[in-house]
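Given next are the chains, with one letter for each unit.
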Amino acid sequence: DGGITQSPKYLFRKEGQNVTLSCEQNLNHDAMYWYRQDPGQGLRLIYYSQIVNDFQKGDIAEGYSVSREKKESFPLTVTSAQKNPTAFYLCASSGGDFGEDTQYFGPGTRLTVL
Amino acid sequence: AQRVTQPEKLLSVFKGAPVELKCNYSYSGSPELFWYVQYSRQRLQLLLRHISRESIKGFTADLNKGETSFHLKKPFAQEEDSAMYYCALKDSTLTFGKGTMLLVSP
């Protein structure tokens, strides 16, 4: 199903390497979000963007970077500065024609640092 | 700072038993609260929101401002209800609780 997609599903990275996770949506949503999901920690917000060319840090932005050059796309880069990058990453979007509040989630990317 | 607390990591019940997933919040304004659910191998999705006051899949949740709670309830649990449930509070962004895994056994 479309809507909001993330790629790849699984990603492996060596220590010291940067890696970029893709998030695309065709829902015409203005806002997009990146979360990190760890067992027993729930979802923690990394970055969010409420409009193109603008984004804000979430609760755990250190070691991550984002860009929002297009409405449909919100890629997340996990840099080598992120001390514990192995996790499940979720992208979400909200807004558009049918309401602002509900966030729609992608299927996630599982990143493993070797 | 806003906070969402889900005190139970795991809740295990038998099919047909009542279910209550607890959620408490800390927020200085008028809260907007949500329950999201993640079934096995599926995406995280909205279950219900307190504003709409609706029942979804037999679940209801009532906002109790006095007790700062938004507990999720269902009178008779089904096996297909087994999932991870997250309570969330909206300000400029969503703040999620740590989640409760509901396991419904036959």
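Before reading on, note that the structure itself is shown above.
So, how was this worked out
Residues numbered from 1 in each chain as written. Chains lettered and ligands numbered in written order. Predicted model: local features only at pLDDT ≥ 70, side-chain atom pairs only at ≥ 80, totals over all residues. Heavy atoms only, no water. Helix = DSSP H or I, 4+ residues; strand = E, 2+ residues; numbered from the N terminus. Rg over C-alpha atoms; globule rule 2.2 N^0.38 Å. Buried < 20%, exposed > 50% of the residue type's maximum accessible area, 1.4 Å probe, protein only. Pairing = 2+ DSSP bridges. Polar contact = N/O pair within 3.5 Å; in protein donor to acceptor, adjacent residues only side chain to side chain. Contact = heavy atoms within 4.5 Å. Disulfide = S-S within 2.5 Å. Buried area = accessible area lost by both parts, 1.4 Å probe. Salt bridge = Lys/Arg side-chain N within 4 Å of Asp/Glu carboxyl O. Nonpolar A, V, L, I, M, F, W, Y, C, P; charged D, E, K, R; others polar.

(A) Region of the structure containing the overall build of chain B. Across its full length, chain B carries zero helices and eleven strands. Helices and strands appear in chain B in the N-to-C order β-β-β-β-β-β-β-β-β-β-β. At 13 Å, chain B has a C-alpha radius of gyration in line with the 13 Å of a compact globule built from 106 residues. Referenced to the eigenvectors of the C-alpha coordinate spread, the extents of chain B come out at roughly 40 × 25 × 25 Å.

(B) Focus on the pairing of strand E4 (residues 31-38) of chain A. All names here are of chain A. For E4, a buried count of eight out of eight residues is recorded, marking the element as mostly surrounded by other parts of the structure. Of the two faces of E4, the one carrying Ala31, Tyr33, Tyr35 and Gln37 and the one carrying Met32, Trp34, Arg36 and Asp38 are both buried. Where E4 lies against strand E9 (residues 87-94), seven bridges are found, and the strand directions are antiparallel. Following the sheet pairing, Ala31 is matched in E9 by Ser94. In this antiparallel pair of consecutive strands, E4 and strand E5 (residues 42-51), the connection spans three residues, and Gly40 shows a positive phi of 75 degrees.

(C) View of the sheet that holds strand E8 (residues 72-74) of chain B. Residues and elements named next belong to chain B. The strand order across the open sheet formed by three strands is E3-E8-E7, and the pairing between neighbours is antiparallel. The open sheet terminates on both sides in strands that have one partner only, identified here as strand E3 (19-21) and strand E7 (60-61). Both E7 and E8 contribute to a ladder of two bridges, which runs antiparallel. Looking at the pairing, Ala61 lines up with Leu72 of E8.

(D) Quick look at the side chain of His50 of chain B. Residues and elements named next belong to chain B. Tracing the backbone through its elements, the reader meets His50 in the loop between strand E6 (45-49) and E7. A distance of 3.0 Å separates a polar atom in the side chain of His50 from the backbone nitrogen of Leu33. Those residues in contact with His50 that sit more than four places away from it in its chain are Pro31, Glu32, Leu33, Leu63 and Phe70.

(E) Structural context of unusual backbone geometry. Residue and element names in this part refer to chain A. Geometrically, the link from Ser7 to Pro8 is a cis peptide bond, its omega value of -10 degrees lying close to zero. Its identity as a non-glycine residue notwithstanding, Asn28 has a phi of 60 degrees, on the positive side. Checked against the element boundaries, Asn28 lands in the loop between strand E3 (19-25) and E4.

(F) Highlighting the state of the cysteines. Residue and element names in this part refer to chain A. One pass over the full model with this rule turns up two disulfides over all chains. Residue Cys23 pairs covalently with Cys91 via a disulfide, S to S 1.9 Å. Classification of the bridge connecting Cys23 and Cys91 rests on its S-S torsion, roughly -75 degrees, and on that basis the disulfide is left-handed. Separated by 68 residues along the polypeptide, Cys23 in strand E3 and Cys91 in strand E9 bring together distant segments of the chain.

(G) Spotlight on the interface of chain A and chain B. The partner chain B presents 16 residues to the 19 residues of chain A that form the contact. Interface of chain A and chain B: buried area, both sides summed, is about 1,500 Å²; carbon and sulfur atoms make up 49% of it. If you sort the residues of chain A by the area they bury against chain B, Leu43, Asp101 and Phe105 of chain A come out on top, with a joint share of 34%. Connecting chain A to chain B are zero salt bridges. In this structure, the connection of chain A to chain B is made through six residue pairs in polar contact (both at pLDDT 80 or more). Among the secondary structure elements, those contributing two or more residues to the side of chain A that touches chain B are E4 and E5 of chain A. Among the elements that make up the side of chain A that touches chain B, the one with the highest residue count is E5 of chain A (five residues). Tallied by class, residues from the side of chain A that touches chain B come to eight nonpolar, nine polar and two charged.

Any link to function would need more than the numbers given here.
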